[in-house]
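Inside the fold
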Amino acid sequence: MKLLSAGWLILGTLSAFGAGAASREMSEIPGGVYRPQYGTKDEQVEVESFVLDNYAVTNADYLEFVTENPRWRKSQTPQIFADAAYLKHWIADLDPGPDSGPEGMSPVTNVSWFAARAYCRWSGSRLPTLAEWEFAARASESKPDAIGDVDFRQRILDWYAKPAKPPLPKVTDGFINVYGVTGLHGLVWEWVSDWNSVLLTGESRVDAGLERQLFCAGASAGSADPSDYAAFLRFAMRASLQADYAVGNLGFRCAKDRSPN
Amino acid sequence: MRVSILITIAWLFLATMLPATHVSHAAEVKGEEHAVLTAAPSVPPLITRKHSTKVIVELEVRERVGTIAEGVEYTFWTFGGTVPGRFIRVREGDQVEFHLKNHPDNKVPHNIDLHAVTGPGGGATSSFTPPGHESIFSFAALNPGLYVYHCATAPVGMHIANGMYGLILVDSKKGLPKVDREYYVMQGDFYTVGSNGDTGLQTFSMEKALREDAEYVVFNGSVGALTGDHALQAEVGETVRLYVGNGGPNLVSSFHVIGEIFDEVRIEAGDAINRNVQTTLVPAGGAAIVDFKVDVPGTFILVDHSIFRAFNKGALGMLKVTGKPNTAVYSGQQDQRIYLPEGGAVQTTPEPAPKPKLAANKAERIEMGRGAYQTNCVACHQADGQGIAGAFPPLAKSDYLNADVNRAIDTVLSGLQGEITVNGEPYNNVMPSLGLSDEKIANILTYVLNSWDNDGGEVSPAQVSKRRKK
Amino acid sequence: MIREACIIVAMFSIAACGGSSEHEHSAHDHADMPAAAPTGHSIFHLGSKWMTHGNDEVRLNALAGKAHVIAMVYSSCEVACPRIIADMHEIKDKASIDPSELGFVLVSIDPDRDTPDHLAKFAERTGLDESAWTLLTSQDDNVRELAAVLGVRYRRVSETDFAHSNIISLINTDGEVVHQQMGLGSASDEMVSAIHSLIHGA
């Protein structure tokens, strides 16, 4: 099931940290159906098979990207694509510094959606969709859908109880799920392509209001599983973002459609 | 640029939402000032100005590890670094410009719903902020009163359960009657994966929160936040006002001060005044203002009179009043009327789940005993072991205690009633059986024996077990 | 319901494929931008290609040199979008600015259905004056990107409908968002005065 992305293999070796080969593996996520966190009780989301990075994109990976693409260096990026916090933990345009973790192997954070998207395109891939990400994140070490397991949920929630200061752990830390993907939980939040499909400002005069209940009445009416608090936290996080926001605990990984064969 | 848009939205929102009469208030607003924010139990200074002004409030959300009970840590989500959040004080008619900052090291987005705000979401819709960002919105303080504020980001229950609540006081134009002391007391219930007393960093248990099965119910964010050296202070003859809030998330408080009667209660912190009140309800997400004059010295115990919460889960605080006794009000010689609901009968409490760790040596036993003492004994015998004169005998340098260790074990095992003499003073009261494990009793007694000039020694669980079988 | 979900998935798959061929190495995409570099906050940084209801292919910098009022809607929308358009009409009437100085733009969030032809018919049916109004459609991925810039959130909720933010944005001649009106039926006074100060100066 594990595939190596061709896009990764042809990349240059500009990284100051040498080749971070671990971060270039991808795994296939066989498609399936799941009930989304909110919506009607019988709503189902079907996810087609796709391929997902095994690890979040690291600072070392990102350094290669900005080295090749000066436009995405922190001093060069137009404000509309990234706010003032963009790569703020880096010392300079091409110097990730100590907060990027040993050999730059911490997940890159403080990156906007535009930046994450540009990176994935450059590497011959794309951001995963929200549905794809949520589908893959239901998996524990042993089974594809562990969301019903109290222990699994509690483990995810426990991450929120442990404040994380830079440098963040290495992307290879954490459990490997049944697909071979590491760090979907317990490392950083991750951008998805359609993060702004979550309408949660709760202001009915602004929104069509379909998901208001998630915002204020809070985590009960209309949601598929009101006790899946971890999912609520993820959706709230997405709802709070704008595309140019760079946040200290928010990184990303890339995905691809399954190759034709 | 985004900030300026936000402000515009907020103003737009005001313009469209407020009735014309209220908009006219805005015209009277003169000057501007930064709000003084205080951590509990302090209250910001009285507002003396007689006009409305623009008040700028800057509140920072921090997610940080703190102590919820002796040896027990918890990751609190806070408005201003403390639980409860900073006390905000404004005046009726003020225009409040609110800055909500979400610290960059935080993990999750937050917002604020102030019950003092007239408008959808109470400000929540205008203040939804991811880590490393700041939101600004404005509102008019239309209605005087004491209001709860809290985070309303999904999952709302979890944000509140982690400590995201506080109080905002909107002083009426006339102002409340002047008092000598003002304090900020706010109750909250907490849901930890570990049982009450389990040490180390505890995480939030959504299972218990859903069942409303709190491990801790506390005033001002932790067990002991208002006891011992942290007790509230007053002097005989002074008037005391408590701004009492309840953040919940689940439990309603039956707020009571043992040994005092509230002269005036502003019920639910509204305009209605009730007089001569013993216990007042403070709903989750609500508040009350209680005023009383302290006539005699002593330690007055603040409790949630759902009493297991007070004596077993932490909802207990103290007001220490110093000054001359007034025997006309209280003789000090008669039977105590301290509240012990079950009278002389022996009570048992369910044995908590076995502690994961047992004391390996005397030093550990003393240390663990210190924690257990804080949870089980301190309410009556006090942190310094001095007890309360006339009511609860001292353990410090106690002849009664040191004379007979087995008698001490029996007392903790089975409780005690009837008159005894300790250090020359008679005591006639009731001590319940606390239903503690052999290990815990051994730890507590070893701690007590090795504290406050007592004779030392060690009590083992085996010794306790032997006495239990007798 | 499953069918609807399939549409969503398909939508993003297409977007991903289509988008990447056009935007691969997007960092170098903008070399062919017009001589004057866009300002930091300009939406003209987006290199995406769009089709107008007149079937012209344009980039967003085609909006340069004139202020525009922009909203994101879809033509089969029966509730919110007609009200957004009504709000825009109100702004247009109150502002009373010549179309040579102020344009009105509707961007479709439903490109599957809203082909240029479809949008042309919609403009005709709803009486949108050709000199003032421009209707745009593109690929999903480009739509999502523009929505991100304008702070518009949307999600397909059924085969025919979307949940979406109701936001009307004013952009200046440089493509910078200078004012936003949120919510349906909001008072348009602020927007109108923002337009006036933009075009006539404060």
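Residues numbered from 1 in each chain as written. Chains lettered and ligands numbered in written order. Predicted model: local features only at pLDDT ≥ 70, side-chain atom pairs only at ≥ 80, totals over all residues. Heavy atoms only, no water.

A word on the overall build of chain C. Along chain C, the regular secondary structure elements total 5 helices and 9 strands. Starting at the N terminus and walking to the C terminus, you meet the elements of chain C as α-β-β-β-α-β-α-β-α-β-β-β-β-α. For chain C, the residues scored as buried account for 56% of the 202 residues in total. Considering only contacts within chain C whose residues lie at least 6 apart along the sequence, 69% involve residues at least 24 apart. (Helix = DSSP H or I, 4+ residues; strand = E, 2+ residues; numbered from the N terminus. Buried < 20%, exposed > 50% of the residue type's maximum accessible area, 1.4 Å probe, protein only. Contact = heavy atoms within 4.5 Å.)

Take the side chain of Ser253 of chain B next. All names here are of chain B. Along the polypeptide, Ser253 turns up in strand S15 (residues 253-258). By relative accessible area, Ser253 is classed as buried at 1%. Within the local environment of Ser253, its side chain forms a polar contact with the side chain of Gln187, the two groups lying 2.6 Å apart. When residues no more than four places from it in sequence are discounted, the contact partners of Ser253 are Gln187, Asn246, Thr280, Leu281, Val282, Asp304 and Arg309. (Polar contact = N/O pair within 3.5 Å; in protein donor to acceptor, adjacent residues only side chain to side chain.)

All names here are of chain B. When you tally the buried positions in strand S7 (residues 133-140), you get 7 out of 8 residues, the bulk of the element. Both strand S5 (residues 95-102) and S7 contribute to a ladder of 8 bridges, which runs antiparallel. Each bridged residue has a counterpart across the sheet, and for Asn102 the counterpart in S7 is His133. (Pairing = 2+ DSSP bridges.)

Our focus in this paragraph is the state of the cysteines. Going through the model one piece at a time under the given rule, you end up with 2 disulfides over all chains. In this model, Cys120 of chain A is linked to Cys254 of chain A through a disulfide, with the two sulfur atoms separated by 2.1 Å. In this structure the cystine formed by Cys120 of chain A and Cys254 of chain A twists about its S-S bond by roughly -85°; its chirality is therefore left-handed. Of this pair, Cys120 of chain A sits in helix H3 (residues 113-122) while Cys254 of chain A sits in the loop between strand S7 (250-251) and strand S8 (255-257), and the two are 134 residues apart along the sequence. Here Cys120 of chain A matches Cys254 of chain A in class, with each residue buried. Between Cys380 of chain B, a free cysteine, and Cys377 of chain B, which holds the nearest cysteine sulfur, the sulfur-to-sulfur gap is 8.8 Å. (Disulfide = S-S within 2.5 Å.)

Attention now goes to the confidence of the model for chain A. Confidence in the prediction for chain A averages 80 pLDDT; 76% of positions are at 70 or higher. A low-confidence stretch, residues 1-23 of chain A (pLDDT under 50), is modelled with 47 contacts involving residues beyond four sequence positions or located in other chains. (pLDDT = per-residue confidence, 0-100.)

Moving on to unusual backbone geometry. Cis geometry is adopted by the peptide bond preceding Pro41 of chain B, which originates at Ala40 of chain B and carries an omega value of 5°. In this structure, Glu103 of chain A is a non-glycine residue whose phi angle is positive, near 55°. Summarising the element assignment, Glu103 of chain A is placed in the loop between helix H2 (59-68) and H3. Looking at Glu103 of chain A, the relative accessible area reads 57%, which means it is exposed. Even without glycine at this site, Ser96 of chain C takes up a positive phi of about 50°. Tracing the chain through its elements places Ser96 of chain C in the loop between helix H2 (80-95) and strand S4 (102-108).

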